[in-house]
Amino acid sequence: MNSFYITTPIYYVNDRGHVGHAYTTIACDILARFNKLQGKNVFFLTGTDEHGQKVEKASKDSNLKPQDFVDKMSQNFINLIPDLGCEIDDFIRTTEDRHKIAAQALWKKLYNNNQIYLSNYEGWYSIRDEAFFTENELIKNKENGDFIAPTGAPVEWVKEESYFFKLSEWQDQLILFYTNNPDSIKPKTRYNEVLSFIKSGLKDISISRTTFQWGIDVPNNEKHVMYVWIDALCNYLTSIGYPNENSDKFKKFWPATHIVGKDILRFHAVYWPAFLMAADLPPPKRIFAHGWWTNEGEKISKSLGNVINPYDIISEFGLDQFRFFLFREVPFGSDGDFSKNSIANRVNADLSNNFGNLIQRICSFINKNCNQVVENKFNLNKDDSILINFSIEKIKNYQILLNDQEIDKAIKEIFELLSATNIYVDKQAPWQLKKINIDRMNVVLSIATEMIKRSNFMLYPIIPTSCKKVFNLLNVNFNKLNFVNICILPDKLVVINISEPIFPRIDIND
Ligand code: MSP
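Being a predicted model, the structure only gives us computed values, none of them experimental.

(A) Examining empty space enclosed by the protein more closely. Scanning the model with the defined rule gives one cavity of 30 Å³ or more in all. A volume near 50 Å³ is recorded for the largest cavity. For the lining of the largest cavity, the secondary structure elements donating two or more residues are helix H1 (19–37) and helix H3 (66–83). For the lining of the largest cavity, the leading source of residues is H3, giving three residues. Broken down by class, the residue content of the lining of the largest cavity amounts to six nonpolar, three polar and no charged.

What follows is the structure, encoded as structure tokens:
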């Protein structure tokens, strides 16, 4: 119960990190930071998916040997992590030896458990999706009548000897597992989709290829390389020490919470738990499927030339502004549309006007009028108690929501507290109390500062760099805060000098 293992999908190295990758990684970072605040032992994994036909083709196109190509490209993803403000515990590359050992051990286990057999595959394959399709899943291209995958990717007819995994044997167990664990896939609509897909009937799946080389060798048959998805999914086990299932790390962290895009839910919610159960391992604790970002209404794609580079957005708007926008703007789980106008509007409304303004006016008032220190006399009136109780309720809701990966709803709770605090300050008007009742003024200032502190604590997983600055401003030792003591009123507040606004307004017409 006291550990939390969170993973991003591992990213294909043939691409550069874009907003979609940044989104998943930051989501995991938010959940990892939040769980650390809850006092949990957290393990946060990300990495790169370096095998398969798609990567092999991309390396040929850039005239590099596959290994040189993946060494070069994975570095982009490694560098991106701190630049997104993320703190990970491990970065896995599927070309590492530790991973080859784990993937081959998983294969052997499945083989020994009589879950794998050799046969022939004949059917449609999309290199771009690295996925097999049945004919009724395909769409006819209107222009030339060719079949294309549901994602729009071209497909080719593949006919080769292949190993198969007995997925069909797992249909009943999967239905049973999901019926007994209705929260193991989120959001609910995705859960329903997965369950009805499983109920519609599962066929055995091809799990090896013979027509290219760039993959992990199948044990005892080097003519075959493993299908990239069985190799890739295994990364979640490798990182915590598989095949050593008895290690402390493995026992402590498995099963994991996987955050994935909706496009790769089937691999994670159907194939992966079946592989795991077939290898005598528990299925994932939770799979959360998030939506996709479009760019000003258009699907993001290399061919349209509208890929959003996170570095461009960060340098124009700021790192925390980018992180905040991604999770405040769109319900986590739904699709979202990216535009510079919406970032500016979000940042201005919430961070500059609501939060930033509150900090600015309370801190500069204390600085100017109270010599930076406010003594709290604890003579609370009804308005004070209502706001304090409201904050306790918001903190509780926030925790429940984030434990369910409802990031946008959790942020809403924080902003309800901030809005209530702004209304409270307007009503109590400390600038007037200054002339008539200094004690009361001190109470109001302490409560307003306290609400800033509580909101800032909740905002920390989302915008950690800015929140550290705010804690600094309030002279609060963040490392000592937790979800219990955050609700205790301190008896003295020291506010250090405020210089520049922490969240400057963004001029949309720039
Ligand atoms: N390599 C596989 C995952 C293997 S995990 C065992 C893969 N890689 S990917 O690089 O193509 O995609 C990684 C993640 O990025 C997916 O979760 C995908 O949904 C996400 N996104 C890619 N483009 C996206 C958007 N435009 N918007 C949001 N997320 C998107 O699939």
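(B) Quick peek at the site of the ligand. Around the ligand, a shell composed of 23 residues is seen, among which Ile-10, Asp-49, Gly-261, Asp-263 and Trp-293 lie nearest. Within the side chain of Asp-263, a nitrogen or oxygen atom sits 2.5 Å from an oxygen atom of the ligand. Within the complex, 94% of the 670 Å² of free accessible area of the ligand lies under protein. Sorting the residues of the shell around the ligand by element identifies strand S2 (11–12), H1, helix H7 (228–233), helix H8 (235–238) and strand S15 (257–261) as the ones contributing at least two each. Residues that form the shell around the ligand fall into these classes: 13 nonpolar, eight polar and two charged.

(C) Spotlight on the packing of helix H17 (residues 438–459) against helix H18 (residues 464–473). Between H17 and H18, whose axes approach to 9 Å, the crossing angle comes to 155°. Between H17 and H18, the angle falls in the class roughly antiparallel. Crossing of H17 against H18: the hand is left-handed. Two secondary-structure elements touch here, H17 through Ile-452, Lys-453, Asn-456, Phe-457 and Leu-459 and H18 through Cys-467, Val-470 and Phe-471. Classifying every residue of the contact of H17 with H18 gives six nonpolar, one polar and one charged.

(D) Main features of unusual backbone geometry. Along the chain, Tyr-242 connects to Pro-243 via a cis peptide bond; the corresponding omega equals 10°. Its place among the elements puts Pro-243 in the loop between H8 and helix H9 (248–253). Residue Pro-255 is reached from Trp-254 by a cis peptide bond, and omega for that bond is 5°. You can see Pro-255 is positioned in the loop between H9 and S15. Located in the positive-phi region is Asn-220, a residue other than glycine, with phi close to 65°. Relative to the assigned elements, Asn-220 resides in the loop between strand S13 (217–218) and strand S14 (221–226). Residue classification places Asn-220 among the exposed positions, given a relative accessible area of 81%. One non-glycine residue, Asp-280, lies in the positive phi region at around 65°. Relative to the helices and strands, Asp-280 is located in the loop between helix H10 (265–278) and strand S16 (286–290).

(E) Region of the structure containing the sheet that holds strand S9 (residues 156–165). Ordered by their spatial adjacency, four strands build an open sheet running S6-S5-S9-S11, and the pairing between neighbours is antiparallel. Edge positions in the sheet fall to strand S6 (131–133) and strand S11 (205–206), since each of these pairs with one other strand and no more. Bridging between strand S5 (residues 116–126) and S6 involves three bridges; their strand directions are antiparallel. Looking at S6, one finds that Tyr-125 is bridged to Phe-132. Its contacts with the sheet place H10 against S6, S9 and S11, and it is angled at close to 30° to S9.

(F) Local environment of the layout of surface pockets. By volume, the second largest pocket is sized at about 320 Å³. Together, 17 residues line the second largest pocket, and Ser-3, Phe-4, Lys-40, Thr-257 and Lys-285 are the ones closest to its centre. Mapped onto the lining of the second largest pocket, the elements with two or more residues apiece are strand S1 (3–7) and H9. At three residues, S1 tops the list of elements feeding residues into the lining of the second largest pocket. Among the residues forming the lining of the second largest pocket, the class breakdown is six nonpolar, five polar and six charged.

(G) Local environment of the pattern of salt bridges. As enumerated under the stated definition, the model contains 29 salt bridges in all. Notably, a salt bridge pairs Asp-29 with Arg-33, separated by 2.8 Å at the nearest N-O pair. Here Arg-33 and Asp-29 lie together in helix H1, a separation of four residues that amounts to about one turn. Residue classification places Asp-29 among the buried positions, given a relative accessible area of 0%. The residue Arg-328 makes a salt bridge to Asp-350 at a minimum N-O spacing of 2.7 Å. Note that Arg-328 is positioned in helix H12 (residues 319–328) and Asp-350 in helix H13 (residues 340–369), a separation of 22 residues in sequence.

(H) Representation of the packing of H13 against H17 within the structure. Packing of H13 against H17 brings their axes to within 10 Å, and their N-to-C directions diverge by 140°. Between H13 and H17, the crossing angle belongs to the class labelled oblique. Along this stretch, H13 crosses H17, giving a crossing that reads as left-handed. Touching Phe-355, Leu-358, Ile-359, Ile-362, Phe-365 and Ile-366 of H13 are Met-441, Leu-445, Ala-448, Thr-449, Ile-452, Ser-455, Asn-456 and Leu-459, all from H17. The residue inventory of the contact of H13 with H17, partitioned by class, reads eleven nonpolar, three polar and no charged.

Cut-offs used in this document
Counting of residues starts from 1 at the beginning of each chain's written sequence and follows it residue by residue. Confidence filtering applies because this is a predicted model: local features only for residues at pLDDT of at least 70, side-chain atom pairs given and counted only at 80 or more, and all residues used for totals across whole chains, interfaces and linings. Here the side-chain values reflect all heavy atoms present in the structure, with hydrogen atoms and water set aside. Residues are called lining when one of their atoms sits within 4 Å of a cavity or pocket point, these points coming from a 1 Å grid over the protein atoms alone, where a cavity is a set in which a 1.4 Å probe fits but cannot get out and a pocket is an open set with protein on both sides within 12 Å along at least five of seven lines. Grid points are joined across faces, edges and corners, and a volume is the space filled by probe spheres set on the points. Each helix corresponds to a stretch of at least 4 residues labelled H or I by DSSP, and each strand to a stretch of at least 2 residues labelled E; elements are numbered beginning at the N terminus. Under the grouping applied here, Gly and all other residues not named as nonpolar or charged are polar, the nonpolar ones being Ala, Val, Leu, Ile, Met, Phe, Trp, Tyr, Cys and Pro and the charged ones Asp, Glu, Lys and Arg. For this description, a residue counts as near a given molecule or strand if any of its non-hydrogen atoms is within 4 Å of it. Under this definition, polar contacts are N or O atom pairs within 3.5 Å; protein pairs additionally need one hydrogen-donor-capable and one acceptor-capable atom, and for neighbouring residues in sequence, both atoms have to be side-chain atoms. Reported accessibility uses the Shrake-Rupley method at a 1.4 Å probe radius. Residues are deemed covered only where the shown protein chains occlude them. Orientation is described by axes fitted as lines to C-alpha atoms, over the contacting stretch for helices, and by angles from 0 to 180 degrees between their N-to-C directions. Here the angle decides the label: under 35 degrees means roughly parallel, over 145 means roughly antiparallel, 65 to 115 means roughly perpendicular, and every other value means oblique. Take the far helix as the reference: if the near one is turned anticlockwise from it by less than a right angle, the crossing is left-handed, and if turned clockwise, right-handed. Contacts are residue-level and defined by heavy atoms, with any inter-residue pair within 4.5 Å sufficient. A simple rule labels every residue: compare its accessible area, found with a 1.4 Å probe on the protein chains alone, to the largest value its type can have, and call it buried under 20%, exposed over 50%, or partly exposed in between. A strand pair is defined by DSSP finding two or more bridges across the two strands. By convention in these notes, a salt bridge is any Lys or Arg side-chain nitrogen within 4 Å of a carboxyl oxygen on Asp or Glu.

That is the geometry; function is a separate question.
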